[in-house]
Structures are given as C-alpha cells and as structure tokens.
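# A look at the structure
For reference, the chains in residue letters:
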Amino acid sequence: MYVVGTAGHVDHGKSTLVQALTGMDPDRLAEEKERGLTIDLGFAWMTLPDGLEVSIVDVPGHERFVSNMLAGVGAIDMALLVVAADESVMPQTREHLAILELLGVPRGLVAITKCDLVDAELAELVAAEVEDLLDGTSLAGSEAVEVSGATGRGVDELAAAMARKLSGAGARRDVGRARLSVDRSFTMPGFGTVVTGTLTGGALEVGDEVELVVSGVRARIRGLQSHRSRLERALPGRRVAVNLSGAAHDSIGRGDVLARPGWLRPTTSVDVRLTVLSDAPRALRHNMHVTVHSGSAETVGRLRLLEGDRAEPGGQTWAQLKLEVPIATVRGDRIVIRSNSATLGGGTVVDPRAPRHRRRHAPLLDRLTALEGGSASQALAASIDLRGPIDLGALAAEADMAPDEVEAEVGRMEAVGDVIALGAGPARCYLSAAAWGRIAERARRSVADHHRRFPARPGEPREELRSRLGLVPALFGPALERLVDSGTLAEAGAAVRLPDHRPRLTADQRARADAFIASLASADPYSPPTDALPDEDVLEVLEAEGQVVRAGASVVFTAEAYVRMVEAIGARAAESGQVTVGDVRDMFGTSRKYALALMEHLDRTRVTRRVGDARVMR
C-alpha cells in the first residue's frame, strides 16, 4: 500500500478529483461542504488498475491552511500536483511545490484539472507552464494528465499513470521502530479513542503497548483498521486508524507521535541542514522566531544559525532549532519552517537531540556533515562520538537503521579500532576511539591530581574516579579494566593509582611518623599506646614501608613486635594444637584488648582459624 497526497492552489479541483478517482468525498467537515472549500485534511482510498491499493490524503489549498496541508504530506509516497486549466500556476501551486521539494517527496504526477472549461490549446499551454515550473525540481519530468473531475474525462488515464509511477516504488523500510505521526484524534461510540496517521518505521499489532511520545500517554492497541478493514497487524506505509484503550481522546492531539515505548523521546532542540527557498521573502536571521513543521506537528522555535548571522534566499546553512513545544523526530526526518504565512525553507534533521553548540566551530560543522551525508560508518561514527557511550538499541534509533545493520557496521568499526566497546550483553556500549582517548586522559589527570593533593594515599578511591568520569557502574568496571590493561592506571585495593606512584609523606607527616615510631619503641611493644595515633595517611605509609602492623582500629604494633608475636603463637599452637586469647595475653604480659585485636587480625589475614573459643593455625 502507498500514500498519495494532493497539492495545489485553492479551488483548483483537488477534492473533486479525489472524489472522481475514489467515489468518496474527502471533505468531512460540515463547514467544508457548506463553503465548498477544503479546510482540513481529507482521506480516501482506491484500488489502481494493477490491483495496488492506495490511500489519498487531500490537503487544503488556501494560503490560510498551509499548516494543515503540511500535516498531511509529511509521509507520502507520491504527490499529485493539481493545476486548474482555467487559472494555470498560482501562488499556492508554487508554495505547495516548494514544500514537496523541501520534504523530499520522491515522485509525483500532475493533474491538469477543469479541462472541460477550456479548449485543447489552452490546456496544452498550461501543461507547458507546469513543465517549466517543475524544471530543476525533484518532480521535473513528471507526467501530466488532462482531467475533468466534473465529467470524468481523463480519470482512468490518471489512475493508470498513478499505477505506473508507483510500480517501482518499493516497500517502506521496516527497521523495527514503528511510529505514527497523529493527524487526527477522535472518539467513536462503543470503541473509544481512535488516532489516525501514516505508519512508518515498523509494524504495529493488536495488543501492543504503545506510548504517545510527546504527551507521555501510555495505552494499548485495542484494534487496527485500514480502509475500514480490520487488521491484526499493520505494516509500514499504511494509513492506519488505531483504537486505543487507556488513553483519553482529549489528551492526544495532532502532532503527537505513537510508538512502542522506550526508543523515541521528545526533543526541544534539533540540528538541521537548512535550505532557504530561492523566492523566500527575506533572508534568515540568527535567533529569529519561526514556525516549525515536523510530521503532523507544528510549533514555534528560535532559529540559531551555526555558520553566520544570515542565510540568504537560495542558500544552505547548518542551523539549530530551539523549540517551545517538544516534538518527536529522528535523524533523516524533514522539517519546514515558515514565518508570517510564508514558507521560508526547510531541511533534514541530522541530530534530533542536539546539545547547545559553539557557533562557527569547524569541528562541529564537520561532525554534522558526516551525520548528514557520510557513509554508514561515518554517520555512525559521528553519532557514537556525539552520544557515546551509547548502546546498540539507542544507536540504531539515533541512526534510524535496523539493529542488525548497525551491529554489523559497528563490529567492522571496532575491528579496525575506530570504535571502543565497553561491557557485555545488553549493557554493551560503544564510544569512538577519540572519545575513549578523552576519557583515558581525564582519568589519568584525575588520579594524578589526587596524588598531588594526597601524596601519602595509595590512590584515588574508585567511586570518586567513577563520579569524576561520569560513567555508570556497569561501564566503569570495564573502562577501568581497559585502563589498567593498557598501563594507563593501576589498581591499589579499593583505590586507583598511576603505575609509578608510591605513597610518600610530606615533611610534616614524616616528622609525625618518626615521633610515632619513637613512641612505640619507648613503650611496651606488646601493649603499645592507643591514644596518640597519627592520621590515616601516615599509618598507611608506615604500613606500606613495613614499619608497623595495624591489628585493630587503635592497636598498632611495630613490625618487629608483630613478627615475634606471630612466631610465638605458631610455636604454642604447634605444641598444644591450639591457642586461646588468654594464652596470648599471658604469653606477652599484655591485656585482653591487645590479645583479642591481634587474634582477630590473624583470623582476617588467614594465619589462624577460630574453632570455638580457640584458634588453630591454617
């Protein structure tokens, strides 16, 4: 199934032609029927001569309703440009054609309508004028068919031309990420909330859990219809009506996007490659306000030009749009910008969740260029560099590619060292080699700074380093392992150090250390003082130097005393088979406090093992 959208000036016979083709009146509003004027989107469908089923979106042609027109032509496979033979090319003919060009509509036909009102020579002249209008556009060379919706002349020929044009169109891509830009939301008695739109990116099934991405509403698909036929599964490329349970009609509006939960997020900042129409009424200015159209959404935004202060008609530029109301979009989507009822330009989204940038920054412009038009690996590399660490699912959504395609491409990039992988399984994330280099340098500097501030400590605590690097725990472990394997860092228990770091005391700390050692030497070696211990850094260095052994929080023995005690305990255990805390107390003439601290230390260091109230040697 394909979707065809009409385009053209007001009162050029679009709705009449659609009714002649399909037998359906696309004007659904009472006001439209009373005034004979299409105000909002209309919908119809037909089967072409070759059996192909198509949906037709009929759009308003009046300049006041261009925003409604834009809501209907964002996901069409072919444009049907309608030009009346009695008026020829008119202002909205040109504007609608410009919009089709900006949206990248891939194919089109021209219907020269109202041919019953003019002679053959005038109809041919209008056809020539339209051919000149299309020259140099993406619709150049499109076939033109003379028709009359009132008499039926040429309608069959137009249907046959539509079949020919769509025969080589190919199926819509299915990348496993269904989304439907809502163009209507209403309530049906007995069914509840229904939303309609053109499905892209993947399939939807009855029973699927979905979310309305912009409003944040969660719902479940109660039913699917297309052309009034019930479906269990809708494929991308179809016009679909989705019956939702768990969602109120008035909480959903045009411009919301229905998708499976989790992969698509709303945004208020997008980077775009912007084309300014050659007949735009004015140059674009940095920080000007514009109306932004994306899919069926319309919002106001501020235009930030990234290359200069102005963008002249007919030119192209990199820009960022800061939006007042969020939209849901992906890389590769097309947008249109308007101001004061005039279409100014449009372009392609290259970063749907863009951070604020430095303007006139060459590396930024290079990255955006890679995102826009580079090879698959270049585009992925730019996305990974911008977003990394990023998991496979998020990267596929970011690049708007199928997960298996992304996995294969990233695997090739990893094999040649352009991409670094951290973690395993679903938590596996990717970042560019350049980004990894920046992380490694930040880690080295953080640890080196810690050594400068605390030279006596073995290293920076792991959790402190993780926080400084901004890595989640699932990624910090693999990252640290890579840093250690590469020789950038070394582990020191619960701390991380530079490979050549050795704890050292300042002159003041060394003086306190020497005084403490002297106090131990002058005291009973088996009952050392516990009320004048130096700070933790000094004790750690003395331990590392082999001068003391900490048996408990406040019990510190000289290394010589500790060795004598362990040897004596070993001898007593060998003689009697075991040793108790009371034995140790009596052997060294000390108190139970010291004996108990020593024996618990020997248990922790696996020299002894407790059996009841006694210890045995391991």
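These notes cover the structure that comes with them. Because the structure is predicted, anything quoted here is derived from the model rather than measured.

Every second residue of strand β27 (residues 429–432) is oriented toward a common face, with Cys429 and Leu431 on one face and Tyr430 and Ser432 on the other, all of them buried. Where strand β25 (residues 390–391) meets β27, 2 bridges bridge the pair, whose relative direction is antiparallel. By the bridge assignment for β27, Ile390 is matched with Tyr430. Of the pairings in the sheet, the one linking strand β26 (residues 419–422) to β27 comprises 4 bridges and is antiparallel in character. What sits directly across from Ala421, in β27, is Tyr430. Taking the residues that link successive antiparallel strands as the turn, the β26-β27 hairpin has 6 residues, and the phi of Gly423 there is positive, at about 85°.

Attention now moves to the pairing of strand β9 (residues 192–200). Of all 9 residues that make up β9, 8 are buried, and the element is covered over most of its length. As paired strands, strand β7 (residues 179–181) and β9 are joined by 2 bridges and run antiparallel to one another. By the bridge assignment, Leu180 is partnered in β9 with Leu199. Pairing between strand β8 (residues 184–188) and β9: 5 bridges, direction antiparallel. Each residue of the ladder has a partner; that of Ser185, found in β9, is Val195. The hairpin formed by β8 and β9 contains 3 residues between the paired strands, and Gly190 there has a positive phi angle of roughly 85°. Relative to strand β15 (residues 239–245), β9 is paired through 6 bridges, and the arrangement is antiparallel.

This part takes up unusual backbone geometry. Positioned with a positive phi, Asp11 is a non-glycine residue whose angle comes to about 65°. Within the secondary structure, Asp11 sits in the loop between β1 (2–8) and α1 (14–22). Classification of Asp11 as exposed rests on a relative accessible area of 56%. In the Ramachandran plot, Asn340 falls in the positive-phi region, its phi being about 50° despite a non-glycine side chain. Relative to the elements of secondary structure, Asn340 occurs in the loop between β23 (334–339) and β24 (342–351). Relative accessible area serves as the criterion here: at 66%, Asn340 is assigned to the exposed category.

What counts and how
- Residues numbered from 1 in each chain as written.
- Predicted model: local features only at pLDDT ≥ 70, side-chain atom pairs only at ≥ 80, totals over all residues.
- Heavy atoms only, no water.
- Buried < 20%, exposed > 50% of the residue type's maximum accessible area, 1.4 Å probe, protein only.
- Helix = DSSP H or I, 4+ residues; strand = E, 2+ residues; numbered from the N terminus.
- Pairing = 2+ DSSP bridges.

That's the geometry; what it means functionally is another story.
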